[in-house]
Each structure stands twice: as C-alpha cells, then as structure tokens.
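Chain residues, written in single-letter form:
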Amino acid sequence: MIISGEIKNIYEWYIKAGPKNKEAQWVENHSALEFAKLVLDDSFENDIKENILNKISANQKIIHAIPEKITRLDGFNGGQRNHDLTLCAKNDSEKIAICFEAKVNEDLDVILSKKWEEGEKKDSNIHGRIKNIIDSLWNNTQIENYNDLRYQLLTGLFGTIKFAEELKIKKCVFCIYQIQIDKKTKVKKTENEIQKLLDCFNINDKVQNNKLFGPFKSKNNIEFYISYLKREKIKD
C-alpha cells in the first residue's frame, strides 16, 4: 500500500502527516500515534481487504492512502472534515473510498443538540451545516430525531460521502477504528455511540468487531457503509 508522501515509517508520518498539536496528540496511547503504527504494519492492508473491501466487491486493490486528508463539507466558512486516513481502492469494474476515524479514549464530540445550541451564536454556520448533513443522510430535516447522535460521527460519515463525491466514486465506507490499549480502554462507550447512529437507519443489527453495516444511500445516490474495527495497539 502506497501512502501519500511516500511515508514508510513512523518518523516520516510524524513529519509529513502528524497532528496539528504534536506535543499533546503524538504521544503513546493516543489515537494519532497508535493508529499510525497500525496503518504502517504489514498486516493493515490485508485486514482492510478482508474485513471491508471484499465484503463489498471482490479483488479490490488499494491504490492510494492519504493521512490527515481534509474534505470540504459545504460552502460555509469552516466547513471541513479532517479524516485520520483515506483510502481509494479499485478492481476492474468499480472504485471504493474509505475514510477512517480512529479512537482510543477520545470523545466523539458533543451530541447534536449541544452542537445546535452552539449554532445560536451570531454568524454561525452550524445550523445550515447540520441541516445539510441530516438531509443528505436521511432525506429529511427533522433535526430533533437525531439529537442524541455524536456530532463527529455525523461529520465523519457525511465527510466520507463528500470525499467519494470529490473523487466521483459511487461507493464509500466510513470506518470507526477503535484501538484497545488495555482493559480500561473505553471501548463500550464508543460502541454505544455507534449503535445510536445505526439505530437511526432502522436496521436490526448490533455493533460488533469486524462488522460492516449497509448498504445505505445518500440523497445524492452515493452507496455508503459503516464499518467498525477494533484492534489492539502494536507493542513496541
């Protein structure tokens, strides 16, 4: 798998694609560093093929990977999504885009109702952005139906769709990548928030490791999936 910038080791990742706040985020047991280690491991590519790509379309080959990819969500000021990693894969007949949100113990931002309250400030674009997201995912504007969802899950999923549209790809996957450090890692907390999101798509299914949910269709006819992968940190 070729990583943009010809990143081949953890030092090059730090220099070319490290987080903005390196002092706080590029530390042991934080998702930025631990996810980079997992992506650089030789097993990562086959893991993604087995647990995501091959479940959608056979014989997919990952053609490029971009850490810290920024995707515009809308035309409003500040409307961007920072993906921890994006992948593009293809076979003889189609392409698939994958965007990752990696977590250890970090939160998934506030719930939607709290974010809506933030939008009450003068000149805020939050209300317009939230309406666009809900309309794209569920083809309605009943914001109150989604008040308990975590905002980062919504922007992550919507940002994945926008990334696919940007590349003119008709299928995409939003992957929540949970990294387990030890028994104290807040895995269940993340899984509960993902379950709330899945419940809004009215599917009778439970969050499980290596599970792929979908397909669903966006308002613009993009076929999208939600993936949950849980992996243990790589021991140094």
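Higher on the page you've got the structure.
Residues numbered from 1 in each chain as written. Predicted model: local features only at pLDDT ≥ 70, side-chain atom pairs only at ≥ 80, totals over all residues. Heavy atoms only, no water.

Some thoughts on the pattern of salt bridges
The final tally for this structure, using the stated rule, is 19 salt bridges. A salt bridge links R129 to D74; the nearest nitrogen and oxygen atoms lie 2.8 Å apart. Pair noted here: R129 is in helix α6 (residues 126-138) and D74 is in the loop between β1 (61-72) and β2 (80-90), with a separation of 55 residues, a long-range link. Under the relative-accessibility criterion, R129 is labelled buried at 8%. For the salt bridge of E165 with K162, the shortest nitrogen-to-oxygen distance reads 3.2 Å. Here the residue E165 and the residue K162 both occupy positions in helix α7 (residues 151-166), the gap between them amounting to three residues, near one helical turn. Judged by relative accessible area, E165 falls into the partly exposed class, the value being 24%. Put simply, E28, E34, K37 and K233 are held in one network by salt bridges that share partners. (Salt bridge = Lys/Arg side-chain N within 4 Å of Asp/Glu carboxyl O. Helix = DSSP H or I, 4+ residues; strand = E, 2+ residues; numbered from the N terminus. Buried < 20%, exposed > 50% of the residue type's maximum accessible area, 1.4 Å probe, protein only.)

Things to note about the packing of α6 against α7
Put simply, α6 and α7 touch, their axes get as near as 10 Å, and they point 65° apart. For the pair α6 and α7, the crossing hand works out as left-handed. Contacts from R129, I130, N132, I133, S136, L137 and W138 of α6 reach α7 at Y151, L154, T155, L157, F158 and I161. Residues belonging to the contact of α6 with α7 are distributed by class as follows: nine nonpolar, three polar and one charged. (Axes fitted to C-alpha atoms, helices over the stretch in contact; angles between N-to-C directions. Left-handed = near helix turned anticlockwise from the far one by under 90°. Contact = heavy atoms within 4.5 Å. Nonpolar A, V, L, I, M, F, W, Y, C, P; charged D, E, K, R; others polar.)

So, the side chain of T190
For T190, the location among the structural elements is in helix α8 (residues 187-199). Accessibility expressed as a relative area gives 4% for T190, which makes it buried. When sequence neighbours within four positions are dropped, the list of residues in contact with T190 reads L108, I176 and Q178.

Scope: geometric values only; no functional claims are made or implied.
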